[in-house]
Amino acid sequence: MSATDPAGAGGGGPWLLEARHLTKRYGAVIANRDVSFGVRPGEIVALLGENGAGKSTLVNVLYGMTAPDGGTLLVDGQPVRLRSPRDALARGIGMVHQHFMLVPPFTVAENVALGHEPSRHGAIDLATVEGRVVALAARFGMEVDPHAVIRDLSVGQQQRVEIIKALDRGARVLILDEPTAVLTPQETEGLFHVLRGLAAGGTSVVFISHKLGEVLDIADRIVVMRRGEVVGEVSPADATPESLAAMMVGREVLLRVEKAPATPGEAMVVLRDVQVAGDRGGRAVDGVTFEVRAGEIVGIAGVQGNGQTELVEAIAGLRPVAGGSLWLCGVEAQRLGVRARAALGLAHVPEDRQRHGLVLPFSVADNLVLNRYHLAPLAIRGVRQARAILDLARNLVARFDIRPPIAEVPVQALSGGNKQKVIVARELSHDVRVLVAAQPTRGVDVGSIEFIHRSLVAARDAGAAVLVVSAELDELMSLADRVLVMFRGRVVGEVAGSEATREGIGLLMAGGGRQLGDVET
Ligand SMILES: Nc1ncnc2c1ncn2[C@@H]1O[C@H](COP(=O)(O)OP(=O)(O)OP(=O)(O)O)[C@@H](O)[C@H]1O
Ligand SMILES: [Mg+2]
């Protein structure tokens, strides 16, 4: 491991983009402290670090979205001031955000054309833009139809459009902030293929991810941040998932959960021939039957879009059960509302934290009690007990290592992974009889994944029935006592957690299993 020394550029040639001694403060929080960082032409650099380490802050500064309080940016060795992303793009720096900035009712070509200066005639020549989209897509092996409407595209396809948009504006450095957090493993492979092609053509890539295997797979160089500072740099050839985790967190991390065999009890979640409609009609869930018992963790695997999301929403009460029956804690539940299900002891970690999990302008404390603020001791005879709320919140902030450890800040000021920790803390903090968790560790760093996994196993051992849906096979194989595989709205297979292999589950996910209408549990 060598120290990062952008000013000297080591022996690897000149920097295309360089930051020297950057500092950025948010009130008392120092998000970046004396950060020096550089990217060479054609290089793929991964930025790694705990939640709140300052990765997004750094790339937002590089993209002109955030003004630093101190330090210098250089492009091709020349100092520059970036006042906006437009300035950054003019210098060849492009970025793909995790929450895409595309206009859903517009076509791909219209979105790429947006923001371009109109021609002399005041109009944008759409045919020219379409031609450029096709050419860029072909050159980097992406399948993109310029006439497709954005809202009809999958997340992975929309990401391609964002990449094309940046390349079309002449990006020589492409920054991606957790691009794979929302992708399936298959889509991630596709993205990596594109990134390798870009790098081979001389484009530089800055890539943020919490998935250590991915980082080792794609990066030429890995830069690690901790608590606002760059703490080291390593070549993938000299690193392992364990060594990277230790570098990030500053201690050894268990990458696999340790747990005793399950001792399942009563069936707490019972689905019989459940059907759920999808967003565009049709049956997203098409006759699913299974049970989750007290004291076991059942995992659901599947390629995104095979009904898992709709299934979880139906169990949580966010989407109607269109057919069949659902029982929770011994009560027929398909007609119950969200609150009535919560009263039975159901906790839910939703997949889309921006939409369902959090009220962004509210404080961390208020978000931590969202499901309980009306109950004693947080409210007594309808009167809010501010002290009790704050005490509970402070306790959870400490237990779940939410950073910064201040319960009063609005939750929108938290980094992505810390927002996720707020939801998990809230849902796991009370007596849970049934926990349904969708992508519980999305965007969460390795140290916190370890903690969340331990918490899920602890909930199981305390007698909760736990259902986990995850796009991460490693997560399911390590957590679940049984893994069910969904394909086209049905459960097509079941594997014991101890016998699960990537290959076995992967085959079922691709539809290679026999059709099990009813999986006996
Ligand atoms: N707009 C803001 N207002 C206040 N604080 C902020 C703001 N943006 C970031 N911070 C704080 O700056 C620190 C760094 O956050 P940043 O988003 O850069 O972390 P990160 O490394 O990207 O984390 P994650 O892996 O969770 O995405 C955090 O403590 C965060 O709470
Ligand atoms: Mg971030």
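Residues numbered from 1 in each chain as written. Chains lettered and ligands numbered in written order. Predicted model: local features only at pLDDT ≥ 70, side-chain atom pairs only at ≥ 80, totals over all residues.

Draft legend 1. Looking closely at the site of ligand 1. Tyr26, Asn51, Ser56, Ser415 and Gly417 are the nearest of the 20 residues found near ligand 1. Of all the secondary structure elements, the ones that give two or more residues to the shell around ligand 1 are strand S2 (29-39), helix H1 (55-62) and helix H14 (416-428). Residues of the shell around ligand 1, tallied by class, amount to seven nonpolar, ten polar and three charged. Inspection of the shell around ligand 1 shows a minimum of three residues originating in each of domain 1 (1-92 + 173-181 + 204-252) and domain 4 (358-429). (Near = placed C-beta within 6 Å. Helix = DSSP H or I, 4+ residues; strand = E, 2+ residues; numbered from the N terminus. Nonpolar A, V, L, I, M, F, W, Y, C, P; charged D, E, K, R; others polar. Domains from an automatic or database assignment.)

Draft legend 2. Spotlight on the sheet that holds strand S4 (residues 70-75). Spatially, four strands are ordered S2-S1-S4-S5 in an open sheet, and the strand pairing comes out antiparallel. With one partner strand each, in any of the chains shown, S2 and strand S5 (78-80) form the two edges of the open sheet. Each strand axis lies, on average, 30 degrees off the axis of its neighbour in the sheet, ignoring direction. Here strand S1 (residues 17-26) runs beside S4; their pairing, made up of five bridges, is antiparallel. Looking across to S4, one finds that threonine 23 is bridged to glycine 70. (Pairing = 2+ DSSP bridges. Axes fitted to C-alpha atoms, helices over the stretch in contact; angles between N-to-C directions.)

Draft legend 3. The nonpolar core, seen in detail. Membership of the largest hydrophobic core comes to 151 residues, with the highest contact counts inside it found for Leu174, Phe207, Ile222, Val269, Ala393, Val468 and Val485. Per-element tally for this core: the top contributor is helix H15 (residues 446-461), with seven residues. (Core = buried A, V, L, I, M, F, W, Y, C linked by C-beta atoms within 7 Å. Buried ≥ 20, exposed ≤ 12 C-beta atoms within 10 Å, placed from the backbone.)

Draft legend 4. Up close: H1. The element H1 is largely enclosed, with a buried count of eight among its eight residues. Among the residues trailing H1, glycine 64 stands out with phi positive, at a value near 75 degrees.

Draft legend 5. Representation of the pairing of strand S8 (residues 204-208). S8 sits mainly inside the fold: five of its five residues count as buried. Of the two faces of S8, the one holding Ser204, Val206 and Ile208 and the one holding Val205 and Phe207 are both buried throughout. Of the pairings in the sheet, the one linking strand S3 (residues 44-49) to S8 comprises four bridges and is parallel in character. In the sheet register, alanine 46 faces S8, and the bridge partner there is phenylalanine 207. Judged from the five bridges that link them, strand S7 (residues 173-177) and S8 form a sheet pairing that is parallel. What sits directly across from leucine 174, in S8, is valine 205. Handedness of the β-α-β unit built from S7, helix H6 (residues 185-200) and S8 comes out right-handed. (Right-handed = clockwise from strand over helix to strand, strands pointing away.)

Draft legend 6. Inspection of the packing of H14 against H15 at higher detail. Remark: H14 packs on H15, axes separated minimally by 12 Å, with the N-to-C direction vectors making an angle of 15 degrees. Viewed along their axes, H14 and H15 adopt a mutual orientation that is roughly parallel. Of the two elements, H14 crosses H15, and the hand of that crossing is left-handed. Along its contact with H14, which presents Gly417, Lys421, Val424 and Leu428, the element H15 presents Ser448, Ile452, Ser455 and Ala459. In terms of residue class, the contact of H14 with H15 is built from four nonpolar, three polar and one charged. (Parallel < 35°, antiparallel > 145°, perpendicular 65-115°, else oblique. Left-handed = near helix turned anticlockwise from the far one by under 90°. Contact = placed C-beta atoms within 7 Å.)

Draft legend 7. Representation of the domain arrangement of the protein chain in the model. Taken as a whole, the protein chain is organised into domain 1 (1-92 + 173-181 + 204-252), domain 2 (98-171), domain 3 (254-345 + 431-521) and domain 4 (358-429). Taking the mean C-alpha position of each, domain 2 and domain 4 sit 40 Å from one another.

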